[in-house]
Amino acid sequence: MRKLSDYVPILDWGRRYNRGAFSNDLIAAVIVTIMLIPQSLAYALLAGLPPEAGIYASIVPIILYAIFGTSRALAVGPVAVVSLLTASAVGQVAEQGTAGYAIAALTLAFLSGGFLLLLGVLRLGFLANFLSHPVIAGFITASGILIATSQLSHILGVPAGGHTLIEMGATLLSHLGQVDPITLIIGGAATAFLFWVRKGLKPLLRALGLGARAAGVLTKAGPVAAVVVTTVATWAFGLADQGVAIVGAVPQSLPPLTLPGMSPDLIRQLAVPAILISVIGFVESVSVAQTLAAKKRQRIDPNQELIGLGTANLGAAFTGGYPVTGGFARSVVNFDAGAETPAAGAFTAVGLAIAALALTPLVYFLPKATLAATIIVAVLSLVDFSILKKTWVYSKSDFAAVTATILLTLGAGVEVGVASGVVLSIALHLYKTSRPHVAEVGLVPNTQHFRNILRHEVKTDPGVLTLRVDESLYFVNARFLEDLVQDRIAEGCEIRHVILMFSAVNEVDYSALESLEAINHRLTDLGVGLHLSEVKGPVMDRLGKAHFLDALNGEVFLSQYDAWTSLKSDEAVE
C-alpha cells in the first residue's frame, strides 16, 4: 500500500531539509527569478494574454508542483510551445483582448489540469511512451519556427496574423512597407545582443577573471540587461509616442482568485486542445525531469509527475494564469544554479510575487519588440533539423513520420501538427509491431546455440524449419506469423517439422492464440508437425488454459537444442 508521502512528496524530502539545502535552493531561486520575469511576460504575449498572466502562471503553479512533484530541479511555468498552443486553441473560441479570451485560457488550464490529474490518479503515465521521440522532436522544431515567425511582427512593428507559416509569411510580406524603423532597431539590437550573450558573454567574463559561477549567473541575467536598457531608452527618448509598442500598465497585485468558464459549449470546444496540450506538456516535462534526475542518480515517478503538473495547472486556472508545464531552459538554469529540492521553486514563486507587487510599474515602457526578441532567441534553440538526418540514416519510417509532422505543423498549424504527431506515433508503433522480426535459425557448429541462417554459418535440415519469433504476439502481428509459415511451407515441400522458437515471446493474446490454432490445423492437414521450444512459464500457463497444447500435433521442448536433436534427420548440413 502506498504511503501518504508517495502522493505528497514534500512530506518525504521536507523531513530531511537542512540549512545547506536552504542556502543552495535560495541562490537558485534568485537566479531563476531574474530569468523568469522577462520570460513570463514574453510568453504571456505569445499566448495572446496580458503580460501579468505570465507572472501569475508562474507563482501558484510552482508552489503546487513543489508540494506534489517528484523532480528536485524541474521549474514549472509558461513555456513557448504550450503558450503557442494556448493562443491557437483559445483564438478559435474568443477574440484576443476580450474577457472571453482570458476566461477561455483559464478553462483550458482547468481542463488540462483535470486531465493530467485523472491520468495520474489512474497511474497511466506509461501512455506517454506511445509518443515517438523523433515525432515529438519534429513537432517542437516546427513549433519553434512558427513561434519565431509569429514574433517577427513585433520586431518589425507591423500587424500580422495567421496560424501557419504560409499565412504568417504572407501577412508579413504584405506589411513590409509599414515597418517601423525605431522598433526594428530596438528589436534587431535586442535579438543580436541576446544571441551574443548566449555564446560570447560567459567566455568574455571568464577572460576578465570572473569566477565560473558568477559568469554563469550574469550570462543567465542577459535578458534582464536587454529589458533594462531598452526600457530606459524608450522612456528617456519618448519612443512610445513615436510608434514603438510598449507593454503598458501592468497591475501591481498578487495573482487574483479566478474561475474558469463552465459553459458546456466552451468545454466541448476546448476539450481536445486541452488533451493535446496536456500530452505535449507532460512529455516535455518528464523528459527534462528524467534527464536532470539521472545526473544526480535520482528518480522521478511519472504518475506522480502527472499529479504534480495537474495540480499546477488547476492552480493556474484559479489564479489568473493559463496552461503550464516544466520548461527546459529554466529547469536547466535551476539545476545548474544548485537547486537541491523543489523548495527552490517555492522560493522562486515568492520572488515573482514580490516582483508582481513591487516591480511591475518598471516595465511600463518595456518595448514589446524586446519581449519578442527574448522569445525568438529562446525558441530557436528548440529548432533541431539534425533529427531529419539522423532518422534518415537510421530508420526511413521514423524519417517519414518526422517529416510529415514538421510539414503538417508548418502548413496546417500547431493543433493539426500535435494531433498528427500523436496519430503518427501510434501508427508508427503499430506498423513496426505488425511486422515482428522472425528469423529462420540453424545450429552453430560445435555449440548448442542457434542463429539466423542469413547472418551465420549454421547447420540446417531441409526437413526441419525453425523460426525464432523475436516479439510478443498479439492482435496486430498475429496474422503476419500465420502468413509467414504458410508461405514458407508452400516453398519447401520437403519440410516435415516446423519449430516455433518462443524464447523472446512474453505474451500471446487471444487473437495470436487463434492464429497458432490455425497454423496447427493447417500443418496437421499437410502432415507437418508443429512444435514449440523455449516457451516461458507465463506463456505456457496461458496456452494451457486454452487447451491449445492438447490440440498441438507436435511437442513442446524445453530448449531449441532438444528440439533439434529430436527432430533432425541424417540429412542435416552446414
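Before going into details, it helps to say that this report is about the structure given with it. Bear in mind the structure is a predicted one, so any value in this text is a computation, not a measurement. (Residues numbered from 1 in each chain as written. Predicted model: local features only at pLDDT ≥ 70, side-chain atom pairs only at ≥ 80, totals over all residues. Heavy atoms only, no water.)

Let's talk about the overall build of the protein
Put simply, the rule reads: A run of DSSP states H or I qualifies as a helix once it reaches four residues; a run of E qualifies as a strand once it reaches two. Both are numbered from the N-terminal end. Only protein chains enter the area calculation, which uses a 1.4 Å probe; residues under 20% of their type maximum are buried, those over 50% are exposed, and those in between are partly exposed. Between two residues, a contact is recorded if the distance between any of their heavy atoms is within 4.5 Å. A 1.4 Å probe and the Shrake-Rupley method give the accessible areas. Residues count as covered only by the protein chains that appear here. The charged-residue count follows a simple rule in which Lys and Arg add positive charge and Asp and Glu add negative charge, with His and chain termini not counted at all. Where a charge lies is defined by one atom per residue type: Lys uses NZ, Arg uses CZ, Asp uses CG and Glu uses CD.
Within the protein, the secondary structure is distributed over 25 helices and eight strands. Based on the C-alpha atoms only, the size of the protein along its principal axes is roughly 100 × 60 × 60 Å. Every one of the 574 residues in the protein was classed for burial, and the buried ones make up 51%. Restricting to contacts in the protein with at least 6 residues of sequence separation, those with at least 24 account for 79%. With an accessible surface of roughly 25800 Å², the protein has 63% of that area assigned to carbon and sulfur atoms. Mean positive and mean negative side-chain charge positions of the protein (37 and 40 charges, respectively) differ by 12 Å.

Looking at the sheet that holds strand β4 (residues 450-452)
Using the following cut-off: Between any two strands, pairing holds if DSSP finds at least two bridges.
Across the sheet, which stays open at both edges, the six strands sit in the order β4-β3-β5-β6-β7-β8 with mixed pairing between neighbours. Taken across any chain shown, the strands that pair with only one partner, and hence form the sheet edges, are β4 and β8 (556-557). Bridge analysis of strand β3 (residues 438-443) against β4 gives three bridges, and the strand direction is antiparallel. The residue of β4 that forms the bridge with V441 is N452.

Considering the environment of M501
Relative to the elements of secondary structure, M501 occurs in strand β6 (residues 497-501). What makes M501 buried here is its relative accessible area of 7%. Distance from M501 to V535, taken between C-alpha atoms, is 7.5 Å for residues 34 residues apart in sequence. Apart from the residues within four sequence positions on either side, M501 is in contact with V441, T466, L467, R468, V469, S533, E534 and Q560.

Considerations on a nonpolar patch on the surface
Rules: Note that patches include only residues with greater than 30% relative accessible area and no salt bridge, and the join distances are 9 Å for like charges and 5 Å for nonpolar side chains (Val, Leu, Ile, Met, Phe, Trp, Tyr). For this document, the term salt bridge refers to a Lys or Arg side-chain nitrogen within 4 Å of an Asp or Glu carboxyl oxygen.
A contiguous nonpolar surface patch, about 410 Å² in accessible area, is contributed by F126, L127, F130, I426 and L430. Structurally, F130 can be placed in the loop between α7 (99-121) and α8 (133-156).

Details of the pattern of salt bridges
Per the stated rule, a full pass over the model turns up seven salt bridges. K432 is paired through a salt bridge with D398; the nearest N and O atoms lie 3.2 Å apart. Separated by 34 residues along the polypeptide, K432 in helix α20 (residues 414-433) and D398 in helix α19 (residues 396-412) bring together distant segments of the chain. When the shortest N-O distance is used, the salt bridge between E507 and R542 registers 3.2 Å.

Regarding helix α10 (residues 181-207)
Heads up, the rule is: The seven residues ending at a residue and the seven starting there each receive a fitted axis; the angle between those axes is the bend at that residue.
If you look at α10, its biggest bend is around 55 degrees, right at V197. Within the span of α10, buried status applies to T183, I186, G187, A190, T191, L194, V197, L201 and L205. Directly after α10, the chain includes G209, whose backbone phi takes a positive value near 100 degrees.

Things to note about the packing of helix α6 (residues 80-90) against α7
Under the convention used in this document: Whenever a helix is involved, its axis is fitted only over the stretch in contact; in every case the axis is a line through C-alpha atoms, and angles between N-to-C directions fall within 0 to 180 degrees. For classification purposes, an angle smaller than 35 degrees is called roughly parallel, one larger than 145 roughly antiparallel, one from 65 to 115 roughly perpendicular, and anything else oblique. Two helices crossing with the near one rotated counterclockwise from the far one by less than a right angle form a left-handed crossing, whereas a clockwise rotation gives a right-handed crossing. Any residue outside Ala, Val, Leu, Ile, Met, Phe, Trp, Tyr, Cys, Pro, Asp, Glu, Lys and Arg is labelled polar, Gly included; the first ten of those are nonpolar and the last four are charged.
With their axes 10 Å apart at the nearest point, α6 and α7 run at an angle of 120 degrees to one another. Here α7 runs oblique to α6, going by the angle between their axes. Between α6 and α7 lies a crossing of right-handed hand. Within the contact between the two elements, α6 uses T86, A87, A89 and V90 and α7 uses Y101, A104, A105 and L108. Looking at the contact of α6 with α7, its residues break down into seven nonpolar, one polar and no charged.

Re the side chain of N477
This is how the line gets drawn: Each polar contact in these results corresponds to two N or O atoms within 3.5 Å; when the atoms are within protein, one needs to be able to donate a hydrogen and the other to accept it, and residues that are neighboring in sequence are counted only if both atoms are side-chain atoms.
Structurally, N477 is set in the loop between β5 (464-469) and α21 (478-491). Polar side-chain contacts of N477 include one of 3.1 Å to the backbone oxygen of T433. Setting aside residues up to four positions removed in sequence, N477 forms contacts with T433, S434, P436, E471 and S472.

Describing the layout of surface pockets
Operational definition: Within this scheme a cavity is a closed region of a 1 Å grid, computed over the protein atoms alone, that accommodates a 1.4 Å probe without allowing it to escape, whereas a pocket is open but has protein on both sides within 12 Å along at least five of seven lines; lining residues each have an atom within 4 Å of a point. Grid points are joined across faces, edges and corners, and a volume is the space filled by probe spheres set on the points.
In this structure, the second largest pocket occupies an estimated 700 Å³ of space. Lining the second largest pocket are 30 residues, with L45, L46, G48, Q96 and H154 sitting closest to its centre. Counting residues per element, the ones that place at least two in the lining of the second largest pocket are α3 (19-46), α6, α8, α9 (165-174) and α17 (368-380). With six residues, the single largest contributor to the lining of the second largest pocket is α8. Across the lining of the second largest pocket, the residue classes tally to 17 nonpolar, 12 polar and one charged.

Things to note about the pairing of β3
For β3, a buried count of five out of six residues is recorded, marking the element as mostly surrounded by other parts of the structure. Bridge analysis of β3 against β5 gives three bridges, and the strand direction is antiparallel. Looking at the pairing, E440 lines up with L467 of β5. The antiparallel pairing of β3 with β4 creates a hairpin that spans six residues between the two strands, and N446 there sits at a positive phi of about 65 degrees.

Quick notes on the environment of L11
With respect to the element layout, L11 can be found in helix α2 (residues 10-13). Distance in space between the C-alpha atoms of L11 and A353 is 24 Å, their sequence separation being 342 residues.

Examining the side chain of T405
Topologically, T405 is positioned in helix α19. For T405, the side chain forms a polar contact with the main-chain oxygen of A401, separated by 2.8 Å. If we skip the residues at most four places from it in the chain, T405 touches V135, G138, F139, G417, S420, G421 and L424.

Looking at the pairing of β6
Note the following rule: By convention, orient the strands away from the viewer: a clockwise path from the first strand over the helix to the second makes the crossover right-handed.
For β6, the tally of buried residues reaches five of five residues, placing the bulk of the element in the interior. Where burial is concerned, the two faces of β6 agree: the one with H497, I499 and M501 and the one with V498 and L500 are both buried. Where β6 and strand β7 (residues 529-533) come together, five bridges link them in parallel fashion. Within β7, the residue paired with I499 across the bridge is H531. Crossover handedness for the path β6 to helix α22 (residues 510-526) to β7: right-handed.

Here we look at the packing of helix α13 (residues 264-295) against helix α14 (residues 302-317)
Taken N-terminus to C-terminus, the directions of α13 and α14 make an angle of 120 degrees; their axes are 11 Å apart at the nearest point. On the basis of their axis angle, the class for α13 and α14 is oblique. For the element pair α13 and α14, the recorded crossing hand is right-handed. In this structure, α13 contributes F282, S285, V286, A289 and Q290 to the contact, and α14 contributes P302, E305, L306 and L309. Here the contact of α13 with α14 is composed, by residue class, of six nonpolar, two polar and one charged.

Observations regarding α3
Rules: Multiply 1.5 Å by the residue count of a helix minus one, and that product is the helix's expected span.
In a regular helix each residue adds 1.5 Å, so 28 residues correspond to 40 Å; α3 covers 39 Å between its end C-alpha atoms and thus fits that length. The largest bend in α3 is about 35 degrees, located at L36, with the proline P38 one to four residues further on. Between the side-chain oxygen at the start of α3 and the backbone nitrogen of G20 there is a gap of 3.2 Å, and the oxygen is on N18. Following α3 by one or two positions, G48 adopts a phi angle in the positive range, close to 80 degrees.

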